[in-house]
Amino acid sequence: MSSELRTQVGQLARRSVMRTLRQPAQIVPALIFPLFLLAVNAGGLKDATNLPGFPTDSYITFAVAITFMQGALFSVMNTGTDLARDIETGFLNRMALTPLRGAALLSGLLAGSTVLGLLQAVAFLTAGLAGGAEIAAGVGGALVILVLAVAITVAFGTIGMFAALRTGSGEAVQGLFPVFFVFLFLSSMALPLDLITTDWFHTVASINPVTYLLEAFRSLLIEGWELGPLLLGFGIAAAIFAIGMTAASRALKTRLVRT
Amino acid sequence: MTTGIEVQGLVREFKNGPRAVDGIDLQVAPGEIYGFLGPNGAGKSTTVLMLTTLLPPTAGSARVAGFDIVSEGPRVRSAIGAALQEAALDPLLSGREHMRLQTALHGIAKSEREQRGDELLERVGLSQAADRKVGGYSGGMKRRLDLALALAHRPRILFLDEPTTGLDIQSRTALWDEVASLAADDGVTVFLTTQYLEEADALANRVGIIDHGKIVAEGTPAALKAEIGRPTVEAVPREQAELERTAAVLGRFGERAGASPKGAAVRLGGGESGLADVVRALDAEGIAIETLQLHAPSLDDVFLAKTGRSLEGAEEDEAEAEDAVAEAGAA
């Protein structure tokens, strides 16, 4: 990476982090909403652990994985909304008049997602442990959970950037939120995949990548160190990142038609 | 001319819309302030977007600071600064943080960034507010910060797209002073779009008037005004019964012109020097005068003469045209 590119990424990352930390309205819901749902689920669905074949007798250990996914969904909205606002206010045009490279803009923006992702992951894991969740993979497993949560948050952030660059509208980006929630609900969110007996639901959940992201977290929380689910989880995050970043880069070229 | 702006036959067409810019030619000399005057939707901002490389032209060519706007975009951008319509600022960052980001993105050495930022903030009178978030700035402060950001990398040419729209008169005057000083003291070439006649009149060395994407007049404000005519004198008699006699006396000095309902006006055949004769003639006829006003020709008169509409009326026409285009697009 050239020093010029490093400077650009560094400065935009700094701005992105400052913006994130200066918007409690972005941080608070991204922390509170998943924690609220965790509390509700852990209290209301704990009898699910009595189902034959349920992998743990602690529902909160099972459910804490959901918070990381919900946090990542907030990343789509926050990253996308920030970029859409830059387009709407003309700030993107201001930056386009500098020697800024597209890669620096996108990478810098994701720095805010990284910080928010880390804040969320630490908060969710801490709350889960305080509520009685356990991590079968131990302290090392906790660190991998944090890394995976941040990786997924950043990967989902690229989708938010793509949506912002395509539409140029904060409202359009926010409109994606319910769509992503449908993906979450049509996954193994509430029950392990092999305990979902409704055929269509099982089929949808088994092809839904969110299921395998959840299972990567759950493997560390419930089973310990299992390479397969972890590789699949990180692989899916990497694939989402690659697809999202490629799409966002193309959309940026269209959006920035500078000669 | 290698460091100014040269434009030949520049065109920009939008899908399903009219030609926003329809084959304009213009030249701006180094160190000159060029005022680009026209109503909303006339093509001013589209021209600026093309000249700043943010929008490719459909046809024609332009060189800015000696570089082609299509094939040498990065070199054009390194030579220009721009404050586009609406101050494009981040409300969550402070003025100083904006300067830090802008100087860094322009590749200014780390050791110089802070000094350059402070220098520009002081120049635009924002040193005291430098650490406040921009969200709390007034409209005038935002515009001044916008200007400072555009100057971060010491550009040779500055594009200002309606820099004072929406500002109070005090903020507007402060910005005019700053722009005038940039051209006079620093030799910066300024391309300024405006819909305010007085702004073009006060600031610009030369003015181009654009309407429906075409330049309809160009020259110094004085030459343009001189080209279209003579000053008008309007007299309002103290007694309305004297209005006809007043009009008759004025009629000796030139052809009749539009006046307020209580007054009479003529375009002075002999120019401004004829005013003293008018006063003497009214006095000789014993007509008591309530007010007597000399109206020098304005750029609005120029606009009226060139387009058949006043600039104010044109605003409404253009707004209607824009609505029609938007509706056509939506349909």
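Structure first, text after, so check above.
Cut-offs applied
Along each chain, numbering runs from 1 in the same order as the chain's sequence is written. As they are written, the chains are lettered A onward and the ligands numbered 1 onward, keeping that order. Under the rules for a predicted model, residues below a pLDDT of 70 receive no local features and side-chain atom pairs below 80 are neither given nor counted, while totals for whole chains, interfaces and linings still include all residues. Note on conventions: DSSP H or I runs of at least 4 residues are helices, E runs of at least 2 residues are strands, and numbering of each starts at the N terminus. Radius of gyration: over C-alpha atoms. The globule rule applied is 2.2 Å multiplied by the number of residues raised to the 0.38 power. Labels follow a simple rule on C-beta atoms placed from the backbone: if 20 or more others lie within 10 Å of a residue's own, it is buried; if 12 or fewer, it is exposed; otherwise it is partly exposed. This entry defines residue contacts through backbone-placed C-beta atoms, with two residues in contact when those atoms are within 7 Å. Charged means Asp, Glu, Lys or Arg here, nonpolar means Ala, Val, Leu, Ile, Met, Phe, Trp, Tyr, Cys or Pro, and polar covers whatever is left, Gly included. Residues enter a nonpolar core if they are buried, belong to Ala, Val, Leu, Ile, Met, Phe, Trp, Tyr or Cys, and are joined to the set through C-beta atoms within 7 Å. Strand pairing follows a simple DSSP-based rule, namely that at least 2 bridges must link the two strands. Think of each axis as a best-fit line through the C-alpha atoms, taken over the contacting stretch in the case of a helix, with angles from 0 to 180 degrees between the N-to-C directions. Comment on the angle field: the value is read as roughly parallel under 35 degrees, roughly antiparallel over 145, roughly perpendicular from 65 to 115, and oblique elsewhere. What makes a crossing left-handed is the near helix being turned counterclockwise from the far one by less than a right angle; a clockwise turn instead makes it right-handed.

### So, the overall build of chain A
Scanning chain A from N- to C-terminus turns up eleven helices and zero strands. Along chain A, helices (α) and strands (β) appear in the sequence α-α-α-α-α-α-α-α-α-α-α when read from the amino end. In summary, chain A has a C-alpha radius of gyration of 19 Å against a globular reference of 18 Å for 259 residues, a match within 12%. Buried positions account for 45% of the 259 residues belonging to chain A. The contacts in chain A between residues at least 6 apart in sequence include a share of 82% that link residues at least 24 apart.

### Digging into the overall build of chain B
Helices and strands together make up the secondary structure of chain B, namely twelve helices and 14 strands. Along the first, second and third principal axes, the C-alpha atoms of chain B reach 75 × 45 × 45 Å. Of all 331 residues assigned to chain B, the portion counted as buried reaches 47%. Taking as baseline every contact in chain B between residues at least 6 positions apart, the subset at least 24 positions apart corresponds to 68%.

### A short note on the interface of chain A and chain B
The interface is formed by 23 residues belonging to chain A together with 23 residues belonging to chain B. Top contributing element to the side of chain A that touches chain B by residue count: helix H1 (residues 3-21) of chain A, with seven residues. Its residues assigned to classes, the side of chain A that touches chain B comprises eight nonpolar, nine polar and six charged.

### Some details on the nonpolar core
Formed by 148 residues in total, the largest nonpolar core has its most connected members in Ile152 of chain A together with Val64, Leu145, Ala148, Val190, Phe191 and Leu192 of chain B. Setting aside chain neighbours within four positions, we find Val64 of chain B in contact with Ile5, Leu51, Ile69, Val76, Ala79, Ile80 and Ile157 of chain B. Of all hydrophobic cores here, the second largest spans twelve residues; its members include Val233, Val249, Leu250 and Leu282 of chain B.

### Quick look at the sheet that holds strand E4 (residues 59-64) of chain B
Residues and elements named next belong to chain B. The antiparallel open sheet is built from four strands, whose spatial order is E2-E1-E4-E5. Two strands close off the open sheet at either side, each with one partner strand: strand E2 (19-28) and strand E5 (67-68). Bridge count for E4 against E5 is two bridges, and the pairing is antiparallel. Considered in E5, the bridge of Val64 is made with Phe67. Those strands touched by helix H1 (residues 44-51) are strand E1 (5-13), E2 and E4, and its axis lies near 115 degrees from that of E1.

### With respect to the packing of helix H5 (residues 102-130) of chain A against helix H6 (residues 138-167) of chain A
All names here are of chain A. Running from N to C, H5 and H6 cross one another at 140 degrees; their axes reach a closest spacing of 8 Å. Classified by the interaxial angle, the pair formed by H5 and H6 is oblique. The element H5 and its partner H6 pack so that their crossing is right-handed. Contact residues: H5 offers Leu106, Leu109, Leu110, Ser113, Thr114, Leu116, Gly117, Leu118, Ala121, Val122 and Leu125, while H6 offers Ala142, Ile145, Leu146, Ala149, Val150, Thr153, Val154, Gly157 and Met161.

### Some thoughts on the sheet that holds strand E12 (residues 254-257) of chain B
All names here are of chain B. A sheet is described by the order of its strands in space; here four strands give the open sequence E12-E13-E11-E14, paired in antiparallel fashion. At either end of the open sheet lies a strand with only one pairing partner, and these are E12 and strand E14 (289-295). The sheet shows a mean angle of 25 degrees between the axes of neighbouring strands, taken without regard to direction. By the bridge criterion, six bridges tie strand E11 (residues 232-237) to E14 in an arrangement that is antiparallel. Residue pairing for E14: Val236 is matched across the bridge by Thr291.

### Notes on the pairing of E4 of chain B
All names here are of chain B. Looking at chain direction, E1 and E4 are connected through five bridges and run antiparallel. Bridge pairing links Val11 to Ala59 in E4. The hairpin formed by E4 and E5 contains two residues between the paired strands, and Ala65 there has a positive phi angle of roughly 55 degrees.

### Focus: the environment of Glu290 of chain B
Among the structural elements, Glu290 of chain B can be located in strand E14. If we ignore the near neighbours within four places in the chain, the residues touching Glu290 of chain B are Val236, Pro237 and Arg238 of chain B.

Just distances and angles here, no functional claims.
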